[in-house]
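What follows is each chain in one-letter form.
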Amino acid sequence: MFESGDGGIYAELLRNRAFQQVTPNTTDALFGWAPINCTSINVIADPTPLSGALPNSLELIIPSNFSGININASWTYNASFYYKFPSASNFSGKLIVTLQSSVGAVYASASVPISGSTTTWKQVIVYLTPSSSPVSTTNIFTVMVDGASTIGETINFAMFSLFPPTFKGRANGLRMDIAQTLYDMKPSFFRFPGGNNLGQSFSTRWQWNATVGNLIDRPGRMGDWGYINTDGLGLLEYLHLCEDMKMEPIMAVWAGYSLNGASLPENDLAPYIQQAIDQINFVIGDSVATQPGALRASLGHPEPFHLQYIEIGNEDFFASETYTYRWRDFVGNLTATFPQLKFIATSYPFDPILDPIPKLYDNHVYQTPDWFAENALYYDSIERDGTYYFEGEYAALSTNASDIFGTDGRLMYPNMQKSAAEAAFMTGLERNSDIVFAASYASLLMNIANYQESNNLVSFDASHVYPSTSFYTQQLFSVNRGTEYLPSTPPQSGTLHWSVTHDSPTNTVIVKIANAAIKAEVMSFELPFNNVHRTGTATVLSGSATASNSPEAPEAVKPVTSQITTGKCFTYVAPAYSVNVLRVVAK
């Protein structure tokens, strides 16, 4: 969500690094930047820009990042930028590149010789290893020149960048701690480029080809939440993320509808269908027979990526009257080109009636904790007619049923009342995994320094990551999966729900229990196995209804594992507002 890519999982530390999508010669164009030591700076439309995608440059210093810079003495930072002199001069000197505190304490520095004869863009790359690790993140990145020697000189700069070490060591990669937190959840899939991120309008829609290749060839765009996306986190980076975390990619294509409510007429769809074909070919196309496949190969991945799911648009229940022809035209053409792929519809299931009939639907639901507990049996009654469901977005956002998306009742951070209720719903998703093929909580990431929507799965600031109670709920379900579902006495509508699976490789029965009630509940189990160990384990996430993790109390609620007495028949007490995973070996 808001600043979850740029300023979040994308490891770039500098904001407004390339002056993308801004108006030159305005104060707004300098957002995040400030002069030091009495110099002056201005963003200009450069007459000889760094690239066609990046037409602006900085006419001489450097900004703070999204929420501060985390300086760590065990890391080496990769800093880079481009510079040139607009006209040749006799100047010969140095640029001093530093990481320093907001009051001038220098933690790392490097000097770079420059010459006034450099009248075409030249990239500078330096490596900065700090001498110490300050607790504060109110640090800055600076580029300085000797004032006396540069009197009367003008120097232009473009495309600044500062990267710490990244997840899996990827160039232009991901922030390590955020990515590792997500990896620890052992996710199975990743949906990209992210729901509503497909586009606010036709002209500002996400376009795959503008997000790949050299960073200086990525123009960026005005994102759907009101701030500029650099697109440094682009299609190839998403695919690397899926490979590095061993996740199934679920890739969306823009399908003629934008968040501003406008839909393209059917006669105008052809070029956008072709763009979708090209997007898919970049991922799986032959590196010789297709141009997008050849582009992928030129960027270091000659073999096709794994891909089987394509989502046609996002939340097209907002434009169901046009989705009938948009679905038909996109799926008809994409199926003809890629018959092996599976296509996901984003309208309400069977409303409207689509042709061809979708085999997969993406359902989204945001509700109260009570709703999730009461609807844990939602999929039990769904007809088994060959249709499969992706619960693509779900979360208990608020306790105010009359205004789910309002501020009254909106949760700042997930708490145990909400997480236990979501777990109840998740037992229904697992129980109905014969038709529910995937499910994902939303929203995923929240930058606590600047956000639009609260109640995200993981929060973070410049130096810390804060997993929520809902994160631990998702993790408990993810790392405790069985290979087969075991029928049990069906849960009744209410606050206590469970799901039972068996993991054949380890001969383990796994019982997931969600108690969304204000009081503990006693449960009795009789397992359909003759040889059951007399002890097992219980991993429990529990707390008061309002118990939550926050920057002030980041570990207030965490799972605790203990040994329990088991056997073919045993009882268990599920605490109030709890998520429980019982494991016992049984043959």
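Residues numbered from 1 in each chain as written. Predicted model: local features only at pLDDT ≥ 70, side-chain atom pairs only at ≥ 80, totals over all residues. Heavy atoms only, no water.

Peer 1: I tried to follow the sheet that holds strand E4 (residues 92-101) on my own but got confused; where do I start?
Peer 2: Strands in a sheet are paired, the pairing made by backbone hydrogen bonds, and the direction either parallel or antiparallel. The strand order across the open sheet built from 3 strands is E5-E4-E7, with neighbouring strands paired in antiparallel fashion. Sheet topology places strand E5 (106-115) and strand E7 (139-145) at the edges, where each strand pairs with a single neighbour. Across this sheet, the average inter-strand angle for adjacent strands is 15°, counted without regard to direction. Bridge count between E4 and E5: 9 bridges; the pairing is antiparallel. Bridge pairing links Gly-93 to Ile-114 in E5. (Pairing = 2+ DSSP bridges. Helix = DSSP H or I, 4+ residues; strand = E, 2+ residues; numbered from the N terminus. Axes fitted to C-alpha atoms, helices over the stretch in contact; angles between N-to-C directions.)

Peer 1: Would you mind showing me how to read the packing of helix H4 (residues 270-284) against helix H5 (residues 291-298) here?
Peer 2: Between two packed helices, the angle of one axis relative to the other and the distance separating the axes together describe the packing. Between H4 and H5, the least distance of the axes is 7 Å, while the angle of their chain directions is 40°. The angle between H4 and H5 places the two elements in the oblique class. Of the two elements, H4 crosses H5, and the hand of that crossing is right-handed. Every residue of H5 that contacts H4 at Asp-278, Asn-281, Phe-282, Val-283 and Ile-284 is listed here: Pro-292, Gly-293, Leu-295 and Arg-296. Residues of the contact of H4 with H5, tallied by class, amount to 5 nonpolar, 2 polar and 2 charged. (Parallel < 35°, antiparallel > 145°, perpendicular 65-115°, else oblique. Left-handed = near helix turned anticlockwise from the far one by under 90°. Contact = heavy atoms within 4.5 Å. Nonpolar A, V, L, I, M, F, W, Y, C, P; charged D, E, K, R; others polar.)

Peer 1: Could you clarify how one ought to interpret helix H2 (residues 176-184) in this entry?
Peer 2: A turn of α-helix holds 3.6 residues, and therefore any two residues three or four places apart point the same way. Among all positions of H2, only Ile-178, Ala-179, Thr-181 and Leu-182 are buried. Considered in projection along H2, the buried side chains sweep an arc of 155° and stay on one side of the axis. Contacts made by the buried residues of H2 are with helix H1 (5-9), strand E18 (445-447), strand E19 (458-460), strand E20 (465-467) and helix H9 (469-479). Looking one or two residues beyond H2, the residue adopting positive phi is Lys-186, at roughly 55°. (Buried < 20%, exposed > 50% of the residue type's maximum accessible area, 1.4 Å probe, protein only. Arc of directions from axis to C-beta.)

Peer 1: I keep staring at the side chain of His-497 and nothing clicks. Help me out?
Peer 2: Within the secondary structure, His-497 sits in strand E22 (residues 496-503). Within the structure, the side chain of His-497 is placed 3.0 Å from the backbone oxygen of Gly-494, a separation counted as a polar contact. When residues no more than four places from it in sequence are discounted, the contact partners of His-497 are Ala-373, Ala-376, Leu-377, Ala-424, Thr-427, Pro-491, Gln-492, Lys-512, Ile-513 and Ala-514. (Polar contact = N/O pair within 3.5 Å; in protein donor to acceptor, adjacent residues only side chain to side chain.)

Peer 1: For this particular structure, what's the right way to read the environment of Ala-401?
Peer 2: By the secondary structure assignment, Ala-401 is in the loop between strand E16 (388-396) and helix H8 (416-431). Since its relative accessible area comes to 59%, Ala-401 is described here as exposed. Along the sequence, Ala-401 and Asp-370 sit 31 residues apart, while their C-alpha atoms lie 9.0 Å from each other.

Peer 1: Is there a simple way to explain the packing of helix H3 (residues 235-244) against H4 in this structure?
Peer 2: Following both chains from N to C, one finds H3 and H4 inclined at 45°, their axes separated by 11 Å at the closest point. Between H3 and H4, the crossing angle belongs to the class labelled oblique. Handedness of the crossing formed by H3 with H4: right-handed. Packed against H3, whose contacting residues are Leu-235, Leu-236 and Leu-239, the element H4 presents Gln-279, Phe-282 and Val-283 at the interface. Class assignment of the residues belonging to the contact of H3 with H4 gives a composition of 5 nonpolar, 1 polar and no charged.

Peer 1: Quick question: what am I supposed to make of unusual backbone geometry here?
Peer 2: Most peptide bonds are trans, and most residues other than glycine sit at a negative phi. Between Phe-192 and Pro-193 the backbone carries a cis peptide bond, its omega angle lying at 5°. Structurally, the position occupied by Pro-193 is in the loop between strand E9 (189-192) and strand E10 (221-222). In the segment running from Asp-355 into Pro-356, the intervening peptide bond is cis, with an omega of 5°. Along the chain, the position of Pro-356 falls in the loop between strand E14 (342-345) and strand E15 (360-367). Its identity is not glycine, yet Asn-16 carries a phi of approximately 55°, on the positive side. Note on placement: Asn-16 falls in the loop between H1 and strand E1 (42-45). Positive phi outside glycine occurs at Asp-231, with the angle close to 65°. Within the secondary structure, Asp-231 sits in the loop between strand E11 (228-229) and H3.

Peer 1: Just checking my understanding: could you explain the pairing of E14 for this structure?
Peer 2: For a regular strand, side chains alternate in direction, first toward one face of the sheet and then toward the other. Sheet topology places strand E13 (residues 309-312) next to E14; 3 bridges connect them, and they run parallel. Bridging from a neighbouring strand, Ile-310 pairs with Phe-343 of E14. With helix H6 (residues 320-337) bridging E13 and its parallel neighbour E14, the resulting β-α-β unit is right-handed. (Right-handed = clockwise from strand over helix to strand, strands pointing away.)

Peer 1: Looking at this structure, I do not really get the sheet that holds strand E12 (residues 248-253). What am I missing?
Peer 2: Pairing within the open sheet is parallel, and its 7 strands lie in the order E9-E12-E13-E14-E15-E16-E17. Strands with a single pairing partner mark the edges of an open sheet, and in this sheet they are E9 and strand E17 (436-441). Going across the sheet, the axis of each strand differs from the next one's by a mean of 25°, ignoring polarity. The pairing of E14 with E15 spans 2 bridges and is parallel. Within E15, the residue paired with Ala-345 across the bridge is Tyr-361.

Peer 1: Got a minute to help me understand the pattern of salt bridges in this structure?
Peer 2: Side chains carrying opposite charge are able to pair once their charged atoms draw close together. Evaluation of the coordinates by the stated rule reveals 18 salt bridges. With a closest N to O distance of 2.9 Å, Arg-170 and Asp-244 form a salt bridge. Of this pair, Arg-170 sits in the loop between strand E8 (156-163) and H2 while Asp-244 is found in helix H3, placing the two residues 74 residues apart along the sequence. Among the residues examined, Arg-170 registers a relative accessible area of 29% and is labelled partly exposed. The class for Asp-244 is buried, based on a relative accessible area of 14%. One salt bridge connects Arg-326 with Asp-316, and the closest N-O pair in it is separated by 2.8 Å. Placement of Arg-326 in helix H6 and of Asp-316 in the loop between E13 and H6 is noted, with a sequence separation of 10 residues between them. We note that Arg-326, like Asp-316, is buried. Because the salt bridges share partners, they merge into one network encompassing Arg-191, Glu-311, Asp-362 and Glu-393. (Salt bridge = Lys/Arg side-chain N within 4 Å of Asp/Glu carboxyl O.)

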